[in-house]
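Structural features, examined
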Amino acid sequence: MPTPKQAPPSTAPDSPVQLNWGPPPVDATLPAKAEDPELRRWHELASQIGRELAEPLTAALERITTLMTTGRIDRAGLRALHQEIEQARQAGIWSQQIARLASGRVRQSLELVHLTHTVQSVLAYRARELQGKGITLTQALLPVEIQVDASMLFSLLNNLVDWWLENALGHVEVQVDCTHWPERARLRCKFKHQPADQSDTVNLDERYSAMTSMNWQVLDQTARTMGVVLDRQINATQVNLSLEFPNVVSDRLSQLDWNDQDQGFADSVNSKPLAGSHVLVVAARRDLRIQIREALKSMGLVLDFVTSVKEAIDFCREGLPHAIVFDNGLHTFAFDKLVQSIRKEVPEFVFIELLDGGHTFDISSVSQTGMARVGQEAIATALPSALVYELTRVM
């Protein structure tokens, strides 16, 4: 009798089959892949933009809801509503600027630009805002030229001043110099963001977050687009910021007399914004005249020097210059009569008074005399700025 066939062994499991539809399990022994810093930066920026838009708009919506319910809004509430809407609008503008700069479609037109004169021009232009915030400046600016897009440089420097206005307390030190290797033009600034006697109460994470505002984000993205290396160091009371520019022109160009016709580059409007302007200097002291000449020699100005008020009067009879720089030791009654006669003809004529000693730098609009004032110890740094500001204001 044949042996019955054995049934094949069953392959069915004792428990239900577990199907894994997701990614394979991560081996805990393998190191986690580091997050891309650039991707993380954009994630943080997107989150910040959302906050900058949502917070003021939420407050504005609450005010509008109250207005619709009560039918009333007082002047203070209307002012706050306007401010909140303007704040959200500004956040949207900043976002668009950042997106445009990061798109890679910004075309930069490189030209020879005098970095030092551009910095001085921007600082002079923004002087009233800085003084309104109680911010004073100390400038130590070596003459440096770079190949850069002039309009983007102007935007970068204005963004920097906007950031100072948000964060600086009291005083900002500004320096322009060059690094030796690699050879780069460098703009540095240093200021306090917290009084020294309150350093123990500072939460650095909170301060870092507060100082990474949308103004900072625009500044940062502008620098990245220009290829400028931006470095920021924040401690309990102080901020140190450095911007390093590529394409610096050799230092030897800083030592050339700009009237030299053999220079290797054509004159640039941006490197000499006042080129050809006529300035009369009234100073009896030879050392002061030399100091003024050295401070202004790279600006392309036409300089004339006289040593007395009588000579100044005779000079102006032949024709007026664009500006008069004078030693306050010669500020006599006769000089005041000269000022009055000139201002009858040209009401906004530029006068810059050089004060004995000190680092004073007052623009004409905040001076009691209606004249810009520069301390003699600040001639090298502040006198060019004063001339740029005063002359571009009236020309």
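Above this text you will find the structure in question.
Here is a short report on the structure shown in this document. Values in this document were obtained by computation on a predicted structure and should not be read as measured data.

Each helix and strand counted, the chain has eleven helices and 13 strands in total. Out of the 395 residues belonging to the chain, those deemed buried represent 41%. For the chain, the share of sequence-separated contacts (at least 6 apart) that also reach a separation of at least 24 residues comes to 73%. Summed over its atoms, the accessible surface of the chain is roughly 22900 Å², and 53% of this surface lies on carbon and sulfur atoms.

What follows deals with the packing of aromatic side chains. Evaluation of the coordinates by the stated rule reveals five aromatic pairs. A centroid spacing of 6.2 Å and a plane angle of 80° characterise the contact between Phe335 and Phe351, whose relative ring orientation is edge-to-face. One end of the pair, Phe335, is in helix α10 (residues 333-345); the other, Phe351, is in strand β11 (residues 350-355), and 16 residues separate them in sequence. Using a relative accessible area of 1% as the deciding quantity, one classes Phe351 as buried. Chaining the aromatic ring pairs together yields one cluster made of Phe326, Phe335, Phe349 and Phe351. Above the plane of the ring of Trp216 lies Arg232, whose end atom (NZ or CZ) is 3.9 Å from the centre.

Our focus in this paragraph is the sheet that holds strand β5 (residues 184-192). Read from one edge of the open sheet, five strands run β2-β4-β5-β7-β6, paired in mixed fashion. Only two strands of the sheet have a single neighbouring strand rather than two, namely β2 (136-141) and β6 (229-234). This sheet shows a mean twist of 10° between the axes of neighbouring strands, independent of strand direction. Each of β2, β4 (169-179), β5, β6 and β7 (238-245) is contacted by helix α5 (residues 150-167), which is oriented at about 15° to β5, the strand it contacts most. Strand contacts of helix α6 (residues 204-211): β5, β6 and β7, with the helix running at about 145° to β6, the strand carrying the most contacts.

Moving on to the packing of helix α1 (residues 37-70) against helix α7 (residues 214-226). One can describe the packing of α1 onto α7 by two numbers: an axis separation of 11 Å at closest approach and a directional angle of 145°. For the pair α1 and α7, the sense of crossing is left-handed. Contact residues: Glu38, Arg41, Trp42, Leu45, Gln48, Ile49 and Glu52 in α1; Met214, Gln217, Asp220, Gln221 and Arg224 in α7. Tallied by class, the residues present in the contact of α1 with α7 amount to four nonpolar, three polar and five charged.

Here the focus is the nonpolar core. The biggest cluster of nonpolar side chains holds 42 residues, and the ones touching the most others in it are Leu153, Leu160, Trp163, Trp164 and Phe245. Mapped by element, the contributors of at least two residues to this core are α3 (115-125), β3 (145-149), α5, β4, β5, α7 and β7. Per-element tally for this core: the top contributor is α5, with ten residues. Setting aside chain neighbours within four positions, we find Phe245 in contact with Leu115, Ile146, Leu153, Leu156, Arg184, Ala185, Leu187 and Val228.

Definitions and limits used
- Residues numbered from 1 in each chain as written.
- Predicted model: local features only at pLDDT ≥ 70, side-chain atom pairs only at ≥ 80, totals over all residues.
- Heavy atoms only, no water.
- Helix = DSSP H or I, 4+ residues; strand = E, 2+ residues; numbered from the N terminus.
- Buried < 20%, exposed > 50% of the residue type's maximum accessible area, 1.4 Å probe, protein only.
- Contact = heavy atoms within 4.5 Å.
- Areas by Shrake-Rupley, 256 points an atom, 1.4 Å probe, with all protein chains shown as cover.
- Phe/Tyr/Trp six-rings, centres within 6.5 Å; stacked < 30°, edge-to-face > 60°.
- Lys NZ or Arg CZ within 6 Å of the ring centre and 35° of its normal.
- Pairing = 2+ DSSP bridges.
- Axes fitted to C-alpha atoms, helices over the stretch in contact; angles between N-to-C directions.
- Left-handed = near helix turned anticlockwise from the far one by under 90°.
- Nonpolar A, V, L, I, M, F, W, Y, C, P; charged D, E, K, R; others polar.
- Core = buried A, V, L, I, M, F, W, Y, C linked by side-chain atoms within 4.5 Å.

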